[in-house]
Amino acid sequence: MSTILEADHLTRVFSRGVFNKVHNVAVNDISLRVGDDNPSITVIAGESGSGKTTLASMLLGFMPPTSGNIRYQGQDIHSLKGDAWREFRRNVQPIFQDPFEVFNPVYRVDRILTQPAKLYNIAETDDHALELVEEALRQVGLRPQETMGRFPHQLSGGQRQRITVARAFLLKPKVIIADEPVSMIDASLRATVLESLRELKTELGISIIYITHDLTTAYQVGDTIYVLYRGSVVEAGDVEKVVQEPSHPYTQLLMGSIPVPDPRVPWGENLAPISARDERETATTGCAFAPRCPNAFETCEIKPPPHYGLNDGRAVMCYLHEDRPVTNLDSLMASKSDTPN
Amino acid sequence: MTLQGSSSEIPELSLTRRFFRLLSGNFLLLLGLLMLAGVVSFTVLGYLFVDLELARLNSAPISQPPSLEHWFGTDAVGRSILALLVIGTPKTLFIGLLAGICGITIGTCLGFFAGYVRGWADTFIRIISDVLFVIPILFLLVFIIEYFPVGAVWIMGIVIGVLSWMGTARTVRAQVLTLRERAFINMARASGAGTWRIIFVELMPNLTSYLAASFVQAVSGGILFSIGLEVLGLGPANSQTLGWSIWWANDYGAVLRGFWWWWGSPVVMIVIIFLGLFLTSLGLDRVANPRLRGSS
Amino acid sequence: MTTGNGAPVLQVKNLTVEYETPRGKLRAADNVSFELWPGQRFGLVGESGSGKTTTALALMRLTQLPGRIVDGEVLLEGVDLLGLSENRMREMRLAQISYVPQGAMNSLNPVMKIGNQIANGFKDHNTNIGRSDISDRIVEVLQSVGLDPAVSGMYPHELSGGMKQRVAIAIAVSLGPKVIIADEPTSALDVVVQREVMLTLRRLQEEIDAAVLIVGHDMGLMAQFASHIGVMYAGRLVEIGQVIDMFDDPLHPYTRALIASLPSTSRRHRLSGIPGLPPALLELPAGCSFNPRCESVMDICRSTDPDLDQIREGRFASCHLYTGAEVGA
């Protein structure tokens, strides 16, 4: 398969302090790959502090990794120069979480569409650019005459986020990295934005990396999922399998904590009872999840587990699956690309 | 650009109307600008209607208090104080403006550079500015002018400007550091904008009202330093600025001899200039910093 | 909707809040009426701008200018809170009716120890307890929300978001209020912490038999936490009912759309959002405010605004689909 964007053993460490340096591993040895002959939506799921936003910044080339590398069509993105770098920039586009912050407050909202159209020479003339912009707005259900010429504060959050999705329709990049695109808009409007993301995949063949803390929306739009806990992928595989039968205790906790929109289903009935532990607690040597894990045993405290491969192609970083062969995330992706969805 | 003007439903406010709307809610800015406008019209009218020959030595009777003929009186060497004010005010303002322009330009460029590029550039600029910060500028100016006597008014303005950019640089750097983390900067990068475009097109417009306030402060700082130097007798020879008038008055013992109009007139003019600049900068600060607006 | 405890603890009647804007007056809460019974957990649901937070703040009499409560009554055990003096109202807050604001974890004073912040509540309300008793009570209160008593000596920045939210809840329940109003109490928290915090709130509320009014936009959270739900749209309550009843048989087309727009975790489906956008309160459409987005819109909806009528026992809806089907009083 032809790979567009691939990340190899990405690690990012933040250090602070001059003498007693404190190291915080935000992203720990993550590999993933996005190809173009089989457009897909890859979900990166995790809670705050899991490193998902750091990962997004690195994939977009906004932040260099501490170790490991990111390749765009086989080339390390931080070695790209001139036109090759612009080509990467144009083809790997972001959708950000806060649909207000992405607009420069001193300019009108259309600028977010007209500026890239101009800088990437997407249209030959201003009139043609205007046509393309209006078409992109209509594609996401916005009326151009109601949105263009406005300032960001004159639109609602839902409208603003749809404009950033319209931007993707206009630019038609090869990969979109969407960091929590719906977490700041009303539940009733999320569906529309998520459906547009799905259309970007099916109609324009754009692969999407969807970063979220919300496993319900992840399940609805995703194909493959990577569950992150404190910078490490604890479970990865087909989204249907991960959501329906989570095998890492953390994924189980996440799934069980979701408030199911059915008042007859008790909230998290299969979860261990709540204890007053501090959710910030971390183990320094063993599995990062061990202090919160209801199934933790001695080995978990000593050494972090490797990824074990399950029969269905999943990789799970947990000693509960010790009987399975050790695998790594690269092999997971190789097998994944053979099975079209 | 034709793209942006299209199909806008929101009535566009003209620039002048926006300016007046800004003033109507901002009493301090209005008052400050009115005072500065008064000073400027004083000199313009003065050049049109006052006989500037009266600023020469012995062109008028000596040491006269204000009268109908010489509104602001005359000095001990036979010059009309009014004529001296009309000539001196624009020269003093010119020094201030020049110092302000130099200071703000250097400060903004270095501040942007330090804040946006960070790394070694930031460290280097910060060290220079910290060193200059702790040295009292007036002292440094006295030192420089003692060894390299300043020949013209404009050189003095530039020298002052070159030595007073640190405050601007420091605050611009801080603003840029917070702004560059905002998502719209990353969005602009993803839209293909390069470093210069981001600095001038994305960041700069967000700082305009703030830079305007800094500029006004830099101008008043420049005037203050120039007057300080001139009163000490370190200004350019025969510069005819307001500070130079005060130096003359002092040299002839105007205070002890009770010639209050001689030293008093330039002092009052300087006070009006400073108040005008001060109120303008307070008013602009209020525009730049919305949190202050509620308290007014 | 009676729960058999005699009388409602809070009755809200025709509450109307208006905001003065440069472009005219707008009604952020329009004629809102509902009742809270002891032990009830009432979820007030709606999109942003629907008036749910405005309503919650008005109940606490915390409406800020340019907003004003222009009409209505808020009866707490028969006493109209809107008629009390500011001093009397201050005594009622926290002791009788307490509030957990949006992003409550940021409402803690950053330079004051947690224990002192809890103690303030006891001191302000002249509860006749001595110094040593107060520290006993602080420990008790912290333990009730599942926190270690050592938290008492810590500052807010030493705690995680979930722990701060527990502290905010601890303060809200510390004086045993009859009504607790919580405005999106977990909106900034992760899903695991959200569940733990909400279950803690539920346990405490059951212990002191208080009524809870919870404001939010997540129907999933409401399904799990609330016993009753009130749906707000454009400043109006459009439907009220018991939670199971509401999910089994949503009457108002807006409620139906809200429930249908929820993504499921048991099967993959095409996501159906609610078409269109919530209306601007200054330019409400004629007739029913929901008519431009409604699937079942009829001619009458475009001209006449429906009233909130009782459809059956414990069930109210404001929709012309049911105007013929009312039960007699």
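Each remark here, short or long, concerns the structure printed above.
Cut-offs applied
Residues numbered from 1 in each chain as written. Chains lettered and ligands numbered in written order. Predicted model: local features only at pLDDT ≥ 70, side-chain atom pairs only at ≥ 80, totals over all residues. Helix = DSSP H or I, 4+ residues; strand = E, 2+ residues; numbered from the N terminus. Buried ≥ 20, exposed ≤ 12 C-beta atoms within 10 Å, placed from the backbone. Contact = placed C-beta atoms within 7 Å. Nonpolar A, V, L, I, M, F, W, Y, C, P; charged D, E, K, R; others polar. Axes fitted to C-alpha atoms, helices over the stretch in contact; angles between N-to-C directions. Parallel < 35°, antiparallel > 145°, perpendicular 65-115°, else oblique. Left-handed = near helix turned anticlockwise from the far one by under 90°. Pairing = 2+ DSSP bridges.

Participant: Would you take a moment to explain the overall build of chain A for this structure?
Facilitator: Helix and strand counts for chain A come out as 12 helices and 13 strands. Considered along the principal axes of its C-alpha atoms, chain A spans approximately 70 × 50 × 50 Å. For chain A, buried positions account for 52% of its 341 residues. Relative to all contacts within chain A whose residues are 6 or more apart in sequence, the contacts with residues 24 or more apart total 61%.

Participant: Hey, could you run me through the interface of chain B and chain A in this one?
Facilitator: Often, the extent of an interface is quoted as the loss of accessible area on bringing the components together. Facing the 21 residues of chain B at the interface are 31 residues of chain A. When residues of the side of chain B that touches chain A are traced back to their parent elements, those giving at least two are α1 (2-5) and α9 (183-190) of chain B. Considering each element in turn, the side of chain B that touches chain A owes the most residues, 5 residues, to α9(B).

Participant: What's the story with the interface of chain C and chain A in this structure? I'm lost.
Facilitator: Listed by partner, the interface residues are 38 residues for chain C and 36 residues for chain A. Of all elements in the fold, only α5 (161-173), α6 (191-208), α7 (219-225), α8 (243-248) and α9 (253-260) of chain C reach the threshold of two or more residues within the side of chain C that touches chain A. The element best represented in the side of chain C that touches chain A is α6(C), accounting for 7 residues. Partitioning the side of chain C that touches chain A into residue classes produces 19 nonpolar, 12 polar and 7 charged.

Participant: What is the right way to look at the packing of helix α3 (residues 114-124) of chain C against helix α4 (residues 131-144) of chain C in this model?
Facilitator: Residues and elements named next belong to chain C. Running from amino to carboxyl end, α3 crosses α4 at an angle of 115°, the nearest separation of the two axes being 10 Å. The pairing of α3 with α4 is recorded here as roughly perpendicular in orientation. The two elements α3 and α4 meet at a crossing, and its hand is right-handed. Each of Gly115, Ile118, Ala119 and Phe122 in α3 lies in contact with α4, whose residues at this interface are Ile134, Arg137, Ile138 and Val141. Looking at the contact of α3 with α4 residue by residue, the classes come out as 6 nonpolar, 1 polar and 1 charged.

Participant: I'm lost on the arrangement of the chains in this one. Help?
Facilitator: Comparison of the 2 pairs of chains in contact shows the highest number of contacts for chains A and C. Taking C-alpha atoms only, the smallest gap left between chain B and chain C, which are not in contact, amounts to 13 Å.

Participant: Explain the sheet that holds strand β3 (residues 41-45) of chain A here, please?
Facilitator: Strands in a sheet are paired, the pairing made by backbone hydrogen bonds, and the direction either parallel or antiparallel. Residues and elements named next belong to chain A. Read from one edge to the other, the open sheet built from 9 strands follows the order β6-β7-β8-β3-β9-β10-β12-β11-β13, with strand pairing classed as mixed. Strands with a single pairing partner mark the edges of an open sheet, and in this sheet they are β6 (92-95) and β13 (326-327). In the sheet, β3 pairs with strand β8 (residues 207-212) via 5 bridges, with the strands oriented parallel. Residue pairing across strands places valine 43 opposite tyrosine 210, the latter belonging to β8. Lying on the sheet, helix α1 (residues 52-59) is in contact with β3, β7 (175-179), β8 and β9 (224-229); it crosses β7 at an angle near 150°. Contacts from helix α6 (residues 157-171) reach β6 and β7 within the one sheet, and its direction differs from that of β6 by about 165°.

Participant: Just to check I follow, could you spell out the packing of α3(C) against α5(C) for this structure?
Facilitator: Working note: a packed helix pair is described by the angle between its axes plus the distance between those axes. All names here are of chain C. Across the interface, α3 lies against α5 with an axial gap of 9 Å and an inter-helix angle of 20°. Here α5 runs roughly parallel to α3, going by the angle between their axes. Between α3 and α5 the crossing geometry is right-handed. Contacts from Ile114, Gln117, Ile118 and Gly121 of α3 reach α5 at Val167, Ala170 and Ile171. Tallied by class, the residues present in the contact of α3 with α5 amount to 5 nonpolar, 2 polar and no charged.

Function cannot be inferred from these measures alone, as they are strictly geometric.
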